[in-house]
Protein chains: 2
Amino acid sequence: MSEINKDSTEEKILHAAQTVFIQKGMDGARMQEIANEAKINKALLHYYFRNKQKLFEAIFSKVFNQIFPDIRSLIFSEKPFEERLGAFVERYIDLLLKNPFLPAFILKEINRDPDFLASLIKKQGINPEEILQMIEQEMEAETICRMDPRDLMINILGLSIFPFAARPLMQMMFFNNSKKEYNEFLIKRKESVKIFILNSILVNKKQMPGG
Amino acid sequence: MSEINKDSTEEKILHAAQTVFIQKGMDGARMQEIANEAKINKALLHYYFRNKQKLFEAIFSKVFNQIFPDIRSLIFSEKPFEERLGAFVERYIDLLLKNPFLPAFILKEINRDPDFLASLIKKQGINPEEILQMIEQEMEAETICRMDPRDLMINILGLSIFPFAARPLMQMMFFNNSKKEYNEFLIKRKESVKIFILNSILVNKKQMPGG
DNA sequence: GTCTATATGGCGATAGAC
DNA sequence: GTCTATCGCCATATAGAC
């Protein structure tokens, strides 16, 4: 029981590795830089994680499971669909605001090892099929427009994630490269994305920005 | 006049470098691999482009200018806004279908060198301000909902680009990792994204998937 | 467990013949 | 312009003292 220490060397390594890997990616990261960040010796990295690949996988799965949090509780509550969808968008963008580099990191590394990615998805409790079916039920009940549920899912994710993943370019093109303005813009998107989606899928209602 | 040869060594290098850089990124790419791909010697790469960074920049600007084609002609035609927007989405997704790895590549490398990115944007004829103003005029004329024009632009780009950038994950989660099905899905999105956006922004009209 | 020192290999880059 | 050979560095990884 005594070795459960949040400031343990292993924890320090994991924290440092996450910082460096997220900014530089697997290829760009250097073991020395991670060791510096953790304020330990480089050899210790190998003592704890054998090699760079293993350390990277530890970080990637950690981060991956973090960005796909248990959505189910939000998605499958008793509230009306639009409320659940709104809550999901808000919570998701909030998560990204707290971890703004995750999207670029995930997208960057998603191609590296498809098998590893597949294993992570399986380990994860989330069942995409289940969510798609739920969306289909809503369409059946005609509370939302009929469309491919996968389109809707990917639209929701894209609208939430893209502004983070493409931040440097978007900020430069549309915000005079002002970090402050772009941050405010991202916060406002918790509302505007919600409205944009609901406007598109709600049947027979037109929700306006002000109301 | 005689040295304008499309099969020149320089062309072969550029083509090979694009293939490798797009798949592996700057950090992951190896000069040797590019040389193999071009079926030339590694030393020739340095003879033509001095170093890896310069070669990468040549590829990145080439690709960058390719993915930001002269949008103006489409955006600023005489046709009604919804038609122009629809045409833009279609043409943009078509471009991505022909170059499916560009989005991931661009997003991956967008953080590397902000100054270089800025210089590319400036060199490019596109003036984002001009497009935003045009969108604002449409809102003024009440042909589309009032909202932050930058939101609309980023929504359009995100909805078009994200399914390509996040392909491995989306394909695995929602399409049983079927490449064929995902390709068909992407093609259908030329229509569904258009509908999704127009549904959301058109005032007093509700466009349905079938009509 | 943590360190110093070193092995080992790979990569970008150059020298120099042709 | 194109090649072979090689340099010099740097990054991962290991050996071994403490």
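Use the structure listed above.
As the structure is a computational prediction, the values presented were derived from the model and not from experiment.

Looking at the overall build of chain A
Link 1 in the chain: Within chain A, the regular secondary structure consists of 12 helices and zero strands.
Link 2 in the chain: When the helices and strands of chain A are read in sequence order from the N terminus, they spell out α-α-α-α-α-α-α-α-α-α-α-α.
Link 3 in the chain: Across its three principal axes, chain A shows a C-alpha extent of roughly 65 × 40 × 35 Å.
Link 4 in the chain: Look at the contacts in chain A between residues 6 or more apart in sequence, and 65% of them connect residues 24 or more apart.
Link 5 in the chain: Summing over all exposed atoms, chain A offers an accessible surface of approximately 10,600 Å²; the carbon and sulfur share of this is 50%.
Link 6 in the chain: Taken as two groups, the 30 positive and 28 negative side-chain charges of chain A have centres that lie 7 Å from each other.

A look at the interface of chain A and chain B
Link 1 in the chain: Contacts between the two partners involve 57 residues from chain A, matched on the other side by 56 residues from chain B.
Link 2 in the chain: Per-residue buried area on chain A facing chain B is highest for A:Ile154, A:Phe174 and A:Phe196; these three make up 15% of the total on that side.
Link 3 in the chain: At the junction of chain A and chain B, the tally comes to 10 residue pairs in polar contact (both at pLDDT 80 or more).
Link 4 in the chain: For the side of chain A that touches chain B, the element with the highest residue contribution is helix H10 (residues 149–165) of chain A, accounting for 13 residues.
Link 5 in the chain: Partitioned by chemical class, the residues of the side of chain A that touches chain B number 39 nonpolar, seven polar and 11 charged.

Considerations on helix H11 (residues 167–174) of chain B
Residue and element names in this part refer to chain B.
Link 1 in the chain: H11 sits mainly inside the fold: eight of its eight residues count as buried.
Link 2 in the chain: Residues of H11 that are buried: Arg167, Pro168, Leu169, Met170, Gln171, Met172, Met173 and Phe174.
Link 3 in the chain: Taken from the residues just after H11, Asn176 is the one with a positive phi, measuring 50°.

Points about the pattern of salt bridges
Residue and element names in this part refer to chain B.
Link 1 in the chain: Tallying each qualifying case throughout the model produces 22 salt bridges over all chains.
Link 2 in the chain: Measuring nitrogen to oxygen at the nearest pair gives 3.7 Å for the salt bridge that ties Arg112 to Glu109.
Link 3 in the chain: Accessibility expressed as a relative area gives 37% for Arg112, which makes it partly exposed.
Link 4 in the chain: Taking the shortest distance from any N to any O, the salt bridge between Lys180 and Glu184 comes out at 3.1 Å. On the criterion of helical spacing, the pair formed by Lys180 and Glu184 is a turn pair, its members being four residues apart in helix H12 (residues 179–201).
Link 5 in the chain: A relative accessible area of 36% means that Glu184 is categorised as partly exposed.

Here we look at the layout of surface pockets
Link 1 in the chain: In this structure, the largest pocket spans a volume of roughly 510 Å³.
Link 2 in the chain: Considering the residues around the largest pocket, the lining is formed by 19 residues, among which A:Asn111, B:Phe101, B:Arg167, B:Pro168 and B:Gln171 are closest to the centre.
Link 3 in the chain: Elements that contribute at least two residues to the lining of the largest pocket include exactly helix H1 (9–28), helix H7 (102–109), helix H10 (149–165), H11 and H12 of chain B.
Link 4 in the chain: Per-element accounting of the lining of the largest pocket gives the leading share, four residues, to H11(B).
Link 5 in the chain: For the lining of the largest pocket, the class distribution of residues is 11 nonpolar, five polar and three charged.

Rules and cut-offs
Residues numbered from 1 in each chain as written. Chains lettered and ligands numbered in written order. Predicted model: local features only at pLDDT ≥ 70, side-chain atom pairs only at ≥ 80, totals over all residues. Heavy atoms only, no water. Helix = DSSP H or I, 4+ residues; strand = E, 2+ residues; numbered from the N terminus. Contact = heavy atoms within 4.5 Å. Areas by Shrake-Rupley, 256 points an atom, 1.4 Å probe, with all protein chains shown as cover. Lys, Arg positive; Asp, Glu negative; His and termini not counted. Charge placed at Lys NZ, Arg CZ, Asp CG, Glu CD. Buried area = accessible area lost by both parts, 1.4 Å probe. Polar contact = N/O pair within 3.5 Å; in protein donor to acceptor, adjacent residues only side chain to side chain. Nonpolar A, V, L, I, M, F, W, Y, C, P; charged D, E, K, R; others polar. Buried < 20%, exposed > 50% of the residue type's maximum accessible area, 1.4 Å probe, protein only. Salt bridge = Lys/Arg side-chain N within 4 Å of Asp/Glu carboxyl O. 1 Å grid on protein atoms, 1.4 Å probe; cavity = no way out; pocket = protein on both sides within 12 Å on 5 of 7 lines; lining within 4 Å. Points joined across faces, edges and corners; volume = space filled by probe spheres on them.

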